[in-house]
Amino acid sequence: MTGITNTVKSFEGSEASALKRLFWMTGIALMLLGSYGLYDRMAHGHIHANYGSIVTWGLWVAAYIYFIGLSAGAFLVSSLAYVFNMHQFERIGRLAVLTALVTLLLALLSIFFDLGHMGRSWHVMAFPNFRSPMAWMIWLYSAYMVLLIVEMWLLLRHDLVSGSSEPTLRGRLYRLLSLGSRDTSAKSAARDRRIVRVLATVGVPLAVMFNGGVGALFGSVAARPHWHSGLFPILFLLSALVSGGALLTLAATVFQDGLTRNRDTVVVLGRLVLALLLLDVLIQVSEFLIAFRGGIPGHVAGLQLVISGPYWWVFWLWQVAIGTAIPLLILLLPTGKDARWVAFAGLLIAAGLFGLRLNIVIPGLAVEEIRGLGEAIGSMRVNAHYFPSLGEWSLTALIVGLGLVLFGLGELFLPRQKEVA
Amino acid sequence: MNRPTVEDQLERDPSLSPMERREMLALLGKWVGAAVAGAGVFRAGEALAQQSEAAAGTKRKRRYGMVIDTRRCVGCRACVIACKAENKTPPGVYYTVVFDHVIEPRIDDKPLFMTKPCFHCEHPPCVDVCPVSATFKREQDGIVVVDYDRCIGCRYCMTACPYSARWFDFDENYAPVEENTAYASVPSPEYRQFRRRAKGRSPVGNVRKCHFCLHLQDENGEYNKAEGRWPACAKTCTGHAIHFGDLLDPASDVHRLLRERVAVRLKEELGTEPNVFYLL
């Protein structure tokens, strides 16, 4: 650990290095706090989790759809550079793909620990039921993961090979990661770019399908009126783009001296996030207005929980104030032209979107399907009220901390993106 | 492949202990291994699906269901206890539940109780959403079952069921099991798999549900009330409120009640077509 902090110190000036030390310490602290959650989950299974047979999915599923949204969003931003030839975004292209890869890993971990039988996760490959939206989602994101890994490698290959001759730890790591490739010719670089373009092009519909598919996984459940809306796959996609784009404004600013290198790109990305956020708000407002005007109790019950239930603050403070109103102001005011402010707005949006994810999963389930179920049984597992347990929070902290550490390692070891003309 | 026949034989002989069954399955695995690449890997979940396929087409089709007379229900909850005693379900897992405030406020002051097992819908939404086909509706009698060895415990089916008929096994235990008394080693007869409760072993970590006590069926898939081979809740019902039988058989109680009385089903608007009816 001291080795890492020393390396960090040697990298930057004092102010940036203080920030970086804070970043590393947060990541490592979260992982340490999270180790309890991992122990608890592995040793005791689900017994200390607070979800039950009414609220069957809790914090981990919310974390899963949050991370998977970040991944799809970040990937789609990278496609601006590699598919739609918006060269301005090329400088953050590799960072975007790295973000997509790291957040996908976090998503898979979140859902893996949520399974009743983790050792059977291979069943989804061996016995897929293609009538199930979940099976589709799993197959699509498996393909997406392979594509991401190959694309990332091709994006790095040239730099890995060039850097592998250094006698340092980094050089050895590069040699390992270059997988025996030795070709540094311009021709091979051009070939890499061609393949990346094809992969990124295939990746766009794939990312749209699997993230829309996560929305469909919820939206197609007719038993849960809070989810059962044709807007759901679109809401998922838009929220993914907003959160992924927002996280990238932040990452592009702090990653590898980004503030000086990516200043203009961050501001442009901020504009894009602003537009997407407004669209996202539009979709959500539409959902509320139609449901409340229709007034069917089942349709309104979940939304009422969102705005005035025990967790009203997740909506009003977290999602609306922190995640929407304040960043909208920052992006609309002249501060929207300052990369540091844009990055801050990105942080707020990315954090706020987690509130949206919680407000999708939990209120959709926290309504008794038949009145009096909880009363009829009187077990903590049969209760419409849910608050995540210590173990659930802790394991989530581990996953977030792991994400920070992986970003930190990427920051240290990934080759710096060359300036593009 | 000769798997169905062997499975049938296993089914017919209730004297086989779980251990013998496992050995026979291992033997079976070797046989099939030649025909199916990686048969060992695919062992999980072979038994239940095979039972269903074996019986499909060859025997008479049934459609088991219930007609529950709410006027006869006194809310004693004997059905809940009988079900727990029969299936050895742990705390938090209730294959049947008695509601007492379903319709409230009522204009008259009469209480209304509603006992609610799984409805074994004609179009079960839980079955469609299962990513690994671990839960399915049996061809031969329409009973919706869970293959504990295949289920990964994702709980998507629980979100998809409009009737809260599915329960996750969190590995909680009643005191006699927790304290490892003699009761702890009594296996559950569910699906005739005779599993004993053990940490982390199925059905712990699985989704569980009512299966109309199908382990009490004979080799022809028939129940017999006189012999006591009848779903535990219906068998024990003090007010004779729970009527069980084959909805396709005109001679059955359930068929007669549906002819003579007006019945309702819950949430018809969802198109699930439950096979459990309520008389009001």
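Conventions used here
- Residues numbered from 1 in each chain as written.
- Chains lettered and ligands numbered in written order.
- Predicted model: local features only at pLDDT ≥ 70, side-chain atom pairs only at ≥ 80, totals over all residues.
- Heavy atoms only, no water.
- Phe/Tyr/Trp six-rings, centres within 6.5 Å; stacked < 30°, edge-to-face > 60°.
- Helix = DSSP H or I, 4+ residues; strand = E, 2+ residues; numbered from the N terminus.
- Buried < 20%, exposed > 50% of the residue type's maximum accessible area, 1.4 Å probe, protein only.
- Lys NZ or Arg CZ within 6 Å of the ring centre and 35° of its normal.
- Pairing = 2+ DSSP bridges.
- Contact = heavy atoms within 4.5 Å.
- Buried area = accessible area lost by both parts, 1.4 Å probe.
- Salt bridge = Lys/Arg side-chain N within 4 Å of Asp/Glu carboxyl O.
- Polar contact = N/O pair within 3.5 Å; in protein donor to acceptor, adjacent residues only side chain to side chain.
- Axes fitted to C-alpha atoms, helices over the stretch in contact; angles between N-to-C directions.
- Core = buried A, V, L, I, M, F, W, Y, C linked by side-chain atoms within 4.5 Å.
- Parallel < 35°, antiparallel > 145°, perpendicular 65-115°, else oblique.
- Left-handed = near helix turned anticlockwise from the far one by under 90°.
- Nonpolar A, V, L, I, M, F, W, Y, C, P; charged D, E, K, R; others polar.

Draft legend 1. The packing of aromatic side chains, seen in detail. A full pass over the atoms with the stated rule returns 37 aromatic pairs over all chains. With a centroid separation of 4.7 Å and an interplanar angle of 55°, the aromatic rings of F119(B) and Y163(B) are classed as tilted. Residue F119(B) is located in the loop between β3 (114–116) and α5 (125–129), and its partner Y163(B) is located in the loop between α6 (156–160) and β6 (166–168); the two are separated by 44 residues in the primary sequence. One exposure class covers both F119(B) and Y163(B), and it is buried. An aromatic cluster is defined as three or more aromatic residues linked by ring pairs; in this entry it consists of W57(A), F218(A), W227(A), F232(A), F236(A) and Y156(B). Across from the ring centre of F236(A), 5.1 Å away, lies the NZ or CZ of R357(A), which sits over that ring.

Draft legend 2. Molecular detail of the pairing of strand β1 (residues 64–69) of chain B. All names here are of chain B. The buried count for β1 comes to 6 of 6 residues, which makes it a mostly enclosed element. Burial along β1 is two-sided: Y64, M66 and I68 and G65, V67 and D69, pointing in opposite directions, are all buried. Here β1 runs beside strand β10 (residues 276–279); their pairing, made up of 4 bridges, is parallel. Following the sheet pairing, I68 is matched in β10 by Y278.

Draft legend 3. A look at the interface of chain B and chain A. Of the residues lining the interface, 52 residues belong to chain B; the matching set on chain A comes to 45 residues. Summing both sides of the interface, chain B and chain A together bury roughly 4,000 Å²; the carbon and sulfur share of this comes to 58%. Across the contact surface, chain B and chain A share 3 salt bridges. For the salt bridge of D128(B) with R131(A), the shortest nitrogen-to-oxygen distance reads 2.9 Å. Here chain B is connected to chain A by 28 residue pairs in polar contact (both at pLDDT 80 or more).

Draft legend 4. View of the sheet that holds β1(B). Residue and element names in this part refer to chain B. Here 4 strands make up an open sheet; going across it, the order is β8-β1-β10-β9 and the pairing mixed. If you trace the sheet from one side to the other, it starts and ends with β8 (242–246) and β9 (263–264), each paired once. Bridge analysis of β1 against β8 gives 5 bridges, and the strand direction is antiparallel. Opposite Y64, over in β8, you have D246 as the bridge partner. The sheet strands contacting helix α9 (residues 253–260) are β1, β8, β9 and β10, and the helix crosses β8 at an angle near 110°.

Draft legend 5. Layout of the pattern of salt bridges. In this structure the tally under the stated criterion is 26 salt bridges over all chains. For D338(A), the salt bridge identified is with R340(A), shortest N-O distance 3.5 Å. Its salt-bridge partner being E122(B), residue R63(B) comes within 3.4 Å of it at the nearest N-O pair. Remark: E122(B) occurs in the loop between β3 and α5 and R63(B) occurs in the loop between α3 (46–55) and β1; sequence separation between them is 59 residues. A network of salt bridges, in which partner residues are shared, links D169(B), E190(B), R197(B) and R208(B).

Draft legend 6. Seen up close, the nonpolar core. Counting residues in each nonpolar core, the largest one holds 184 residues, and the members touching the most others are W57(A) and F218(A). At 19 residues, helix α3 (residues 59–82) of chain A tops the list of elements feeding residues into this core. Counting 6 residues, the second-largest nonpolar core is a separate cluster that includes V67(B), V254(B), F277(B) and L279(B).

Draft legend 7. Examining the side chain of R192(B) more closely. Positionally, R192(B) belongs in the loop between α7 (175–178) and β7 (207–209). A polar contact of 3.1 Å, which involves the side chain of R192(B), links it to the backbone oxygen of H215(B).

Draft legend 8. The packing of helix α9 (residues 232–254) of chain A against helix α11 (residues 263–294) of chain A, seen in detail. All names here are of chain A. α11 packs onto α9 with a crossing angle of 155° between their chain directions and a minimal axis gap of 9 Å. Between α9 and α11, the angle falls in the class roughly antiparallel. The two elements α9 and α11 cross, and the hand of that crossing is left-handed. Of the residues that constitute the contact of α9 with α11, the class distribution is 16 nonpolar, 6 polar and 2 charged.

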